[in-house]
Amino acid sequence: MGWRMSKSYENLPGAAGKARFFRPSRYDAAAIFAGSPPSVIFEDEVFELENISAAGAGCIKRVREDEGAVPAGASGVLRLTQHGRDLFLGAARKVRRVAGPGGISAGFELEANRFDLDWLIRENASVLARARSMAAPDLEPSIAYKTFCADATAFLGGYLLRIQKYVAPIEDRCSQDERNEIARDLAAAAEGEWLDLIARGNELTAEIHNDKQKRIAYKSYTERTVSQILMGGPGWARCYYKPAGYPGDYKIMNYGYEQKPEGETVAEKFLHLLGMSASRFVITRMETVAGLIADYAHARRKYAGEEFVITSVGAGPARELADILEETPEDVRWRVNLVDQEPAALDFAFDSVAHLSERDRITVRGLNISFREMLRPSGDNGVFVSNDVIYSSGLVDYLNPLLAQRFVKRLYDFVKPGGQVIIGNVNNLATGRIWPLEYVTDWSLYFRNEDEMRAMARDIPDAKVSVVSDPLEAVYFLVVEKPAE
Ligand SMILES: C[S@@+](CC[C@H](N)C(=O)[O-])C[C@H]1O[C@@H](n2cnc3c(N)ncnc32)[C@H](O)[C@@H]1O
């Protein structure tokens, strides 16, 4: 796929959503139009495009009042324009108009034809690429940040130059194993300095991260410099282009868990491995959550053969299950619910469990639904009621504070007295991963500090709340314990 089509976690539906009623896929406009979607003009009203499907568009007008605007239900002419050029013109109906804190949002449904999304994306891209004003955002990063990007680029370039000079001429004669070995040696030699650079990038970007205009400018600068080099590594490219349609798909997660060289050439493998040292936190995150769950079982265990019921939301490959089995006594059994909107992730998890030597101690059920289904009052949610532990790593990182808080409260209501909710979320410390994720690969997350972690449990007054860290100090875990009856 040549363009980036990214959906937000909040909108990933899972099978239940899809099975209930068919809707054409709706895409985040900023993501599929490379951060610069066309404007939407309906009659004389101008909107920002927020999301689009083949059949319609969701838009917003950043005003408080739109008196005199075309009312909901009315038909008219809808245009999509970029830099003065019409990309689409057709009959549409305004199906929705809702005033909210961010402005007035409106939904449009095409009446006669459909959007050719692939064509629109290409045409929008070609207009943008030719437009002169696109050259750079008005705001420039600080000299310190530009110097840092130059240092990072020179550091990477130095290794690539050595590879080009000494390895490339003999590369054809090397087997894959030999190439892997060279790449591993080079990445090991580079690792110390590379991790220092990441820490410096984290510090410099954490300072400006909450200023949206600066964040855009810093990201744009990083993408034009450091990212251009790193993108030669398959892991970096997958993180940046998000070919599954959303960030953090189970294949990306598995790259991080397996830490193997990927790509054809030594240069590609080397760059990929630098990404792997940056993503080692997925392993420590998984090990920490497994440790917390094993601790729970050790503390609560009353009799031989006891079974604990746990649920992982946004389970992905569910690698922690192997560790949980390993870290708990042989007579402890586990009943596990895995929730994920991606069927392929659940397939992978089931297959992995089937190959575990201790698979007789575990019963796994996969729920191909969105976490949003769990928020609804529904009999289908019975499987979560009275669970021992409900945990979620790498999902709440995508949810805004209000939704995150609602989600944690809901999980808390599900668990049994004495049970726990455990939430893993990337932090914003210098030891974390804010720079490589958000700035190098445009992987946007809520990088939460300790107070923001605790805030997720704010409206749960009776709970015992603590925040713990993974050993790399890249991820915080919120542990919310329900008092025993
Ligand atoms: C970053 S991965 C983390 C996976 C796993 N917890 C781990 O630590 O390896 C996030 C997972 O959440 C899933 N996901 C994304 N949006 C979701 C949604 N709305 N409902 C359920 N799962 C979702 C993705 O498919 C992906 O497998």
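Owing to the predicted nature of the structure, the values given are computational and were not obtained by experimental measurement.

Asks: Got a sec to walk through the sheet that holds strand 12 (residues 420-426)? Specific residues and values, please.
Replies: The strand order across the open sheet built from 7 strands is 10-9-8-11-12-14-13, with neighbouring strands paired in mixed fashion. Both outer strands of the open sheet, strand 10 (362-367) and strand 13 (464-469), are each paired with one neighbouring strand and no more. Across the sheet, the axes of successive neighbouring strands diverge by a mean angle of 15 degrees, strand direction being ignored.

Asks: Give me the environment of Ala-190: which residues, what numbers.
Replies: Within the element layout of this structure, Ala-190 appears in helix 5 (residues 176-208). Classification of Ala-190 by C-beta neighbours within 10 Å gives partly exposed; the count is 19. C-alpha of Ala-190 to C-alpha of Arg-173: the two residues are 17 residues apart in sequence and 25 Å apart in space. Aside from chain neighbours lying at most four places away, what touches Ala-190 is Tyr-159 and Leu-274.

Asks: Explain the site of the ligand to me, and be specific about the residues and the numbers.
Replies: Tyr-9, Gly-248, Gly-314, Gly-316 and Gly-394 are the nearest of the 22 residues found near the ligand. At the level of secondary structure, the elements contributing two or more residues to the shell around the ligand comprise helix 9 (250-258) and helix 11 (281-300). Of the residues assigned to the shell around the ligand, the class counts are 11 nonpolar, 8 polar and 3 charged.

Asks: Lay out the domain arrangement of the protein chain in plain terms, naming residues and giving numbers.
Replies: Interface size is commonly expressed as the accessible area that is lost once the parts come together. According to the domain assignment, the protein chain contains domain 1 (9-134), domain 2 (143-278) and domain 3 (281-481). Taken over C-alpha atoms, the centre of domain 1 sits 35 Å from the centre of domain 2.

Asks: Outline the packing of helix 4 (residues 143-171) against helix 5, supporting the account with residue identities and numerical values.
Replies: Viewed as axis vectors pointing N to C, helix 4 and helix 5 meet at an angle of 175 degrees, and their least axial separation amounts to 10 Å. Overall, the two elements helix 4 and helix 5 adopt an arrangement that is roughly antiparallel. Contacts between helix 4 and helix 5 pair Ala-144, Tyr-145, Phe-148, Asp-151, Ala-152, Phe-155, Tyr-159, Val-167 and Glu-171 from the former with Arg-179, Ile-182, Leu-186, Ala-190, Glu-193, Leu-197, Arg-200, Gly-201 and Leu-204 from the latter. Broken down by class, the residue content of the contact of helix 4 with helix 5 amounts to 12 nonpolar, 1 polar and 5 charged.

Calculation notes
Residues numbered from 1 in each chain as written. Predicted model: local features only at pLDDT ≥ 70, side-chain atom pairs only at ≥ 80, totals over all residues. Pairing = 2+ DSSP bridges. Helix = DSSP H or I, 4+ residues; strand = E, 2+ residues; numbered from the N terminus. Axes fitted to C-alpha atoms, helices over the stretch in contact; angles between N-to-C directions. Buried ≥ 20, exposed ≤ 12 C-beta atoms within 10 Å, placed from the backbone. Contact = placed C-beta atoms within 7 Å. Near = placed C-beta within 6 Å. Nonpolar A, V, L, I, M, F, W, Y, C, P; charged D, E, K, R; others polar. Domains from an automatic or database assignment. Parallel < 35°, antiparallel > 145°, perpendicular 65-115°, else oblique.

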